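Each chain, written out:
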Amino acid sequence: MITKNVEKAINEQIKREEHSSRIYLAMASWAERNGFPGAANWLYAQTEEERIHMLKLVHYLNDRGGSAIIPALEAPAAKFKSLPDVFQQVLEHEEYISASINELYATCTKEKDFTSANYLQWYITEQIEEESSVRSILDQINLAGSERGGQFLMDKEFNAMAAAKRAAMALSGGANAVT
Ligand code: OFO
């Protein structure tokens, strides 16, 4: 049985992961409307991945005898200054999520819930990849610059990264890969 403090903390993380999904969905829609189809493709894939992060926690909490509560969410931003601005915000958001996962882990160890702490190791490792992939995207966007040729190549790169992300999600069993 899970403690009330851990249950509350996991429910807060469920909200953050679902909110991440909605933030990236709004960014994907902006990129699609503003002539960045490759970036939109990557952001749509990222939206799906965040939903999997949320669903894994929902299943985990319910499996442990807790109650996963699906929260109301504030609306995400709909407009952005530029593509670099979008990905700078993605990076900052992922850094925030990494910090929140660490806090959740700390709550679990404080409550001596080592089962949940162990489960969260997956999220801790995942955040390394989440942050580093966005840092690499930002570097590539800056290298590509504003030239059409550079943007065309960057778009192809985004499509390849989105395909790799979807393949990895399918391989891991998606949201069904619980506990
Ligand atoms: Fe769920 O990792 Fe991003 O937010």
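Residues numbered from 1 in each chain as written. Predicted model: local features only at pLDDT ≥ 70, side-chain atom pairs only at ≥ 80, totals over all residues. Heavy atoms only, no water.

A word on the overall build of the protein chain
Point 1. Scanning the protein chain from terminus to terminus reveals five helices and zero strands.
Point 2. Traced from its N-terminal end to its C-terminal end, the protein chain shows the element sequence α-α-α-α-α.
Point 3. In terms of C-alpha radius of gyration, the protein chain reaches 17 Å, essentially the compact-globule figure of 16 Å for 179 residues.
Point 4. For the protein chain, buried positions account for 46% of its 179 residues.
Point 5. For the protein chain, restricting intrachain contacts to residue pairs at least 6 apart in sequence, the fraction spanning at least 24 positions comes to 80%.
Point 6. Here the protein chain contributes 18 positively and 25 negatively charged side chains, and the mean placements of these two sets differ by 4 Å. (Helix = DSSP H or I, 4+ residues; strand = E, 2+ residues; numbered from the N terminus. Rg over C-alpha atoms; globule rule 2.2 N^0.38 Å. Buried < 20%, exposed > 50% of the residue type's maximum accessible area, 1.4 Å probe, protein only. Contact = heavy atoms within 4.5 Å. Lys, Arg positive; Asp, Glu negative; His and termini not counted. Charge placed at Lys NZ, Arg CZ, Asp CG, Glu CD.)

Some points on the packing of helix H2 (residues 37–63) against helix H3 (residues 83–110)
A pair of packed helices can be characterised by two numbers: the angle between their axes and the separation between those axes.
Point 1. At a closest axis distance of 12 Å, the pairing of H2 and H3 adopts a crossing angle of 20 degrees. Of the possible angle classes, the one that applies to H2 and H3 is roughly parallel. The interaxial crossing formed by H2 with H3 has left-handed handedness. Between H2 and H3, the contacting residues are Ala-39, Trp-42, Leu-43, Gln-46 and Glu-50 on the first element and Leu-83, Val-86, Phe-87, Val-90 and Glu-94 on the second.
Point 2. Looking at the contact of H2 with H3 residue by residue, the classes come out as seven nonpolar, one polar and two charged. (Axes fitted to C-alpha atoms, helices over the stretch in contact; angles between N-to-C directions. Parallel < 35°, antiparallel > 145°, perpendicular 65-115°, else oblique. Left-handed = near helix turned anticlockwise from the far one by under 90°. Nonpolar A, V, L, I, M, F, W, Y, C, P; charged D, E, K, R; others polar.)

Description of the packing of aromatic side chains
Point 1. Under the counting rule described, the total for this entry stands at seven aromatic pairs.
Point 2. Arranged with centres 6.4 Å apart and planes meeting at 50 degrees, the rings of Tyr-119 and Tyr-123 form a pair that is tilted. Taken together, the positions of Tyr-119 and Tyr-123, both in helix H4 (residues 114–144) and four residues apart, correspond to about one turn of that helix. Side by side, Tyr-119 and Tyr-123 carry an identical accessibility label, which is buried.
Point 3. Of the aromatic side chains, those joined through ring pairs into one cluster are Tyr-60, Tyr-119, Trp-122 and Tyr-123.
Point 4. Here the guanidinium or amino end of Lys-56 rests over the ring plane of Trp-122, the centre of that ring lying 4.3 Å away. (Phe/Tyr/Trp six-rings, centres within 6.5 Å; stacked < 30°, edge-to-face > 60°. Lys NZ or Arg CZ within 6 Å of the ring centre and 35° of its normal.)

Some thoughts on the side chain of Glu-94
Point 1. With respect to the element layout, Glu-94 can be found in helix H3.
Point 2. Although Glu-94 is buried, it makes no salt bridge; Lys-165 carries the closest opposite charge, 8.1 Å away.
Point 3. Those residues in contact with Glu-94 that sit more than four places away from it in its chain are Tyr-24, Gln-46, Glu-50, Gln-127, Glu-130 and Glu-131. (Salt bridge = Lys/Arg side-chain N within 4 Å of Asp/Glu carboxyl O.)

So, the environment of Val-90
Point 1. Mapped onto the elements of the fold, Val-90 is located in helix H3.
Point 2. What Val-90 contacts, discounting residues up to four positions off in sequence, is Tyr-24, Met-27, Leu-43 and Val-134.

Observations concerning the confidence of the model for the protein chain
Point 1. A residue-level look at the protein chain finds 96% of positions with pLDDT of 70 or above and a mean pLDDT of 93.
Point 2. For the protein chain, helix H5 (residues 148–171) is the element with the lowest average pLDDT, namely 87, and helix H1 (residues 4–33) is the one with the highest, namely 98. (pLDDT = per-residue confidence, 0-100.)

Quick word on the nonpolar core
Point 1. Counting 29 residues, the largest nonpolar core has Trp-42, Leu-43, Phe-87 and Phe-158 as the members making the most contacts within it.
Point 2. Listing elements by their share of this core, those giving two or more residues are H1, H2, H3, H4 and H5.
Point 3. Once residues lying within four places of it in the same chain are set aside, the contact partners of Trp-42 are Phe-87, Ser-133, Val-134, Ile-137, Phe-158, Met-161, Ala-162 and Lys-165.
Point 4. In terms of nonpolar packing, the next biggest core, distinct from the first, is built from 19 residues, Ile-14, Ile-97, Ile-101 and Leu-120 among them. (Core = buried A, V, L, I, M, F, W, Y, C linked by side-chain atoms within 4.5 Å.)

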